[in-house]
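Structural description and commentary
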Amino acid sequence: MTLTQQIITIAMCVLGTMATRFLPFFIFSSKKPTPKYIQYLGKALPSAIFGMLVVYCLKNVSFVSGTYGLPEIISILLVIGLHLWKRQMLLSIAGGTICYMLLVQLVF
């Protein structure tokens, strides 16, 4: 890429990011209430995204050969346990990630 192409690419990324960040403030003013459908999406989409991520992360795991998916299952159970215990998303994610990496590198 030439320098001009790099600058244009960076500018387009910045513009796209800024547009997605600022657009909701222009569409939904603070003077009018947020539409019910948008409120519903705000409540339903986070759970749907996490469910989709779990499915995506487990799509290539073989439960009939190799480690039989044990590192993944143990890590998922740890994430669930940590979240039910402390209710802190970052702790749950970090704990599950560390557990999985340790299991894959040291045990399986």
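Residues numbered from 1 in each chain as written. Predicted model: local features only at pLDDT ≥ 70, side-chain atom pairs only at ≥ 80, totals over all residues. Heavy atoms only, no water.

Quick look at the packing of aromatic side chains
Within the structure shown, the criterion is met by zero aromatic pairs. Looking at Lys 86, its charged tip hangs above the ring of Trp 85, at a distance of 4.6 Å from the centre. (Phe/Tyr/Trp six-rings, centres within 6.5 Å; stacked < 30°, edge-to-face > 60°. Lys NZ or Arg CZ within 6 Å of the ring centre and 35° of its normal.)

What to know about the UniProt feature "transmembrane region" (unreviewed entry) in the protein
According to UniProt, the feature "transmembrane region" (unreviewed entry) maps to residues 6-28, 62-82 and 89-107 in the numbering used here. Across residues 62-82, the secondary structure splits into 62% helix and 0% strand, with the terminal C-alpha atoms separated by 25 Å. Taken as a whole, residues 89-107 contains 100% helix and 0% strand, while its terminal C-alpha atoms sit 26 Å from one another. (UniProt positions renumbered as here; feature names shortened; annotations may be inferred. Helix = DSSP H or I, 4+ residues; strand = E, 2+ residues; numbered from the N terminus.)

Some thoughts on helix 2 (residues 36-58)
Between the first and last C-alpha of helix 2 there are 34 Å, a value that for 23 residues agrees with the 33 Å anticipated at 1.5 Å per step. Considering bend angle alone, the principal kink of helix 2 is centred on Ala 44 and spans about 35°; proline Pro 46 follows within four residues of it. (Expected span 1.5 Å × (residues − 1). Bend = angle between axes of the 7 residues up to and from the residue.)

Section: the side chain of Ser 75
By secondary structure assignment, the location of Ser 75 is in helix 3 (residues 70-86). Its relative accessible area of 6% is what places Ser 75 among the buried residues. Within the local environment of Ser 75, its side chain forms a polar contact with the backbone nitrogen of Tyr 100, the two atoms lying 3.2 Å apart. Aside from chain neighbours lying at most four places away, what touches Ser 75 is Gly 96, Cys 99, Tyr 100 and Leu 103. (Buried < 20%, exposed > 50% of the residue type's maximum accessible area, 1.4 Å probe, protein only. Polar contact = N/O pair within 3.5 Å; in protein donor to acceptor, adjacent residues only side chain to side chain. Contact = heavy atoms within 4.5 Å.)

Some thoughts on the environment of Ile 76
Its place among the elements puts Ile 76 in helix 3. A sequence separation of 26 residues divides Ile 76 from Phe 50, and the C-alpha atoms of the two residues are 12 Å apart.

A few points about the packing of helix 3 against helix 4 (residues 89-107)
Two elements in contact, helix 3 and helix 4, have axes separated by 8 Å at closest approach and are oriented at 155°. Here helix 3 lies roughly antiparallel to helix 4, going by the angle between them. Relative to helix 4, the crossing made by helix 3 is right-handed. For the pair formed by helix 3 and helix 4, the contact residues are Pro 71, Glu 72, Ile 74, Ser 75, Leu 78, Val 79, Leu 82, His 83 and Lys 86 on the first element and Met 89, Leu 91, Ser 92, Gly 95, Gly 96, Cys 99, Tyr 100, Leu 103 and Val 104 on the second. Grouping the constituent residues of the contact of helix 3 with helix 4 by class yields eleven nonpolar, five polar and two charged. (Axes fitted to C-alpha atoms, helices over the stretch in contact; angles between N-to-C directions. Parallel < 35°, antiparallel > 145°, perpendicular 65-115°, else oblique. Left-handed = near helix turned anticlockwise from the far one by under 90°. Nonpolar A, V, L, I, M, F, W, Y, C, P; charged D, E, K, R; others polar.)

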